[in-house]
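Descriptive structure summary
So the chains spell out like this:
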Amino acid sequence: MSNINHHLNDALLMGYATANLPEAFSLVVATHISLCDDCRARLESFEALGGALLDEEVADLTDDALDATFALIDDGPKEPIKVTQPAKDAVFPSPLRDYVGGDLSAVQWRTIPGGVKQAVLETSKDATVRLLSIPAGAAMPDHGHRGTELTLVLKGAFKDEDDRFARGDIEIANEDLHHTPIAEEGEDCICLAATDAPLRFRGLIPRIAQPFFGI
Amino acid sequence: MPKDMIIRDVDEHVDLPSYGSTMRPPDTRKKKTMTNMVERSKDDWTALVRRIHIDKDRRAFASVFRHFAPRVKAFLMKSGTSEALAEECTQEVMATLWQKAHLFDPARASVSTWIYTIARNKMIDALRKQKRPEPEDLTWGPEEEPDQADVVMMQQESDRLVQAISDLPEKQKLLIERAYFGELSHSEIAEETGLPLGTIKSRIRLALDRLRHAMK
């Protein structure tokens, strides 16, 4: 729990607290927060700001609003109240398991050039999110970014020119970053990666393959 | 900026019970005596939510409803929901409060904060038709009770935050409101606000640490 070195920034936490992130980014944020108490505390402080602002303004309700609400209460919850406790030994925290339909073993991988495997998860179209499995010692294809890219490590670790990222660590990249992440020796590196624009690969082969694999 | 965003209804508190933090005159804020704390913890929203959870107390719910439902509706309308939809969603938000009363952790959030998160999630659901990925819950078991001192401290920090917001220059306040109620700009909202969020964060962190410890 306490070994996380790379965290969410305030813009992302506030964006999540105010419901202003694309669903794909929200999934990465919720997954990181499930692993990181520091970011959870920071998120809840941004939510406290929302709570404090809630006090500022009122709107009139219809006369029978309270009775109508008691009627809703008497009907019982529309969906069962879900409590998602951390599962023991799971690789994926519960928000991610919801999207995958299970833990790591349930992922339907597709191999893409370079030996990397990926699985695109279904979210709203304003951004995309995928699971990546990078073989131990292998490099991710060299790519630049348009827009923002979030990469959250779930298993194994990767290194780029400057840093090491292991389970729970999140890398926040923008268009200025050109890097070459390499999975550490020893085990494959599983990441959850969200982009708000398609990745732009710089090598020729990946670029040709790009439209076909939806990278 | 729509004009109605800066209009405040000054008469709204007249019929409310006196436990809302907005009711206290500013000078009592400095005196944090034990009596003050005990009196408030007897009466506040946290205690009412607890009565909803433990006793299924409809009168407690009605008090919470009368204070918060008009605020939830205003929030939903500012976020771009039509009035009819805002009314419907507000009732659903308040019904959810009843149904989830057992999950509220007063050591980590004020009742306003908790209601804000329920309303925000309802807004995403109703307006954007999107799923909302939520972090894993770290709830107290139904039998466990948070430390009362933590609860009181959390309430005090929340009150400080409300006060800090009302002390902000109007321009900065509007910026924060825009971030929270629609009209987003990521670069603008990242600005320094000078609000005591750091202290709130430490309180929540402390509560989380205790929770982790209790779950071991």
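Residues numbered from 1 in each chain as written. Chains lettered and ligands numbered in written order. Predicted model: local features only at pLDDT ≥ 70, side-chain atom pairs only at ≥ 80, totals over all residues. Heavy atoms only, no water.

**Structural notes on the layout of surface pockets**
Empty space left among the atoms is revealed by rolling a probe the size of a water molecule over them. Defined as follows: The definitions used throughout rest on a 1 Å grid laid over the protein atoms alone, on which a cavity is an enclosed set of points accommodating a 1.4 Å probe that cannot get out and a pocket is an open set flanked by protein within 12 Å on both sides along at least five of seven lines; lining residues are those having an atom within 4 Å of a point. Grid points are joined across faces, edges and corners, and a volume is the space filled by probe spheres set on the points. Numbering of helices and strands runs from the N terminus, with a helix taken as a DSSP run of H or I at least four residues long and a strand as a DSSP run of E at least two residues long.
Taken as a whole, the largest pocket encloses approximately 1700 Å³ of empty space. Along the walls of the largest pocket sit 48 residues, with Lys82(A), Thr96(B), Lys100(B), Asn121(B) and Glu134(B) positioned nearest its centre. If you list the elements that add at least two residues to the lining of the largest pocket, you get α3 (37-54) and α5 (94-100) of chain A together with α4 (83-99) and α5 (111-128) of chain B. Here the element with the most residues in the lining of the largest pocket is α5(B); it accounts for nine residues.

**Comments concerning α5(B)**
Note: α-helices contain 3.6 residues per turn, so residues at a spacing of three or four share the same orientation. Residue and element names in this part refer to chain B. Keep this limit in mind: A helix is expected to span 1.5 Å for every residue after the first. Classification of residues uses two cut-offs on accessible area relative to the type maximum, computed with a 1.4 Å probe and protein chains only: under 20% is buried, over 50% is exposed, and between them is partly exposed.
Compared with the 26 Å implied by 1.5 Å per residue over 18 residues, the 25 Å span of α5 between its first and last C-alpha is a close match. α5 sits mainly inside the fold: 14 of its 18 residues count as buried. In the segment just after α5, Lys-129 is the residue with positive phi, at about 55°.

**Examining the environment of Gly50(A)**
Put simply, the rule reads: In this description, contact between two residues means that some pair of their heavy atoms is separated by no more than 4.5 Å.
Tracing the backbone shows Gly50(A) in helix α3. Gly50(A) sits in the buried class, given a relative accessible area of 0%. When the C-alpha positions of Gly50(A) and Thr18(A) are compared, they lie 7.6 Å apart, and in sequence the two are 32 residues distant. Setting aside anything within four residues of it in sequence, one finds Gly50(A) in contact with Tyr116(B) and Tyr180(B).

**Quick notes on the pattern of salt bridges**
Using the following cut-off: A side-chain nitrogen of Lys or Arg and a carboxyl oxygen of Asp or Glu constitute a salt bridge if their distance falls within 4 Å.
A full pass over the atoms with the stated rule returns 21 salt bridges over all chains. The salt bridge involving Asp38(A) is made with Lys201(B); its shortest N-O contact spans 3.9 Å. Taken together, the residues span two chains, with Asp38(A) in helix α3 and Lys201(B) in helix α9 (residues 197-215). Residue Lys201(B) is classed as partly exposed on the basis of its relative accessible area of 26%. A salt bridge links Arg108(B) to Asp105(B), with the nearest nitrogen and oxygen atoms 3.8 Å apart. An identical accessibility class is assigned to Arg108(B) and Asp105(B); each is buried. By sharing partners, the salt bridges in this structure join Glu47(A), Arg120(B), Arg132(B) and Glu134(B) into a single network.

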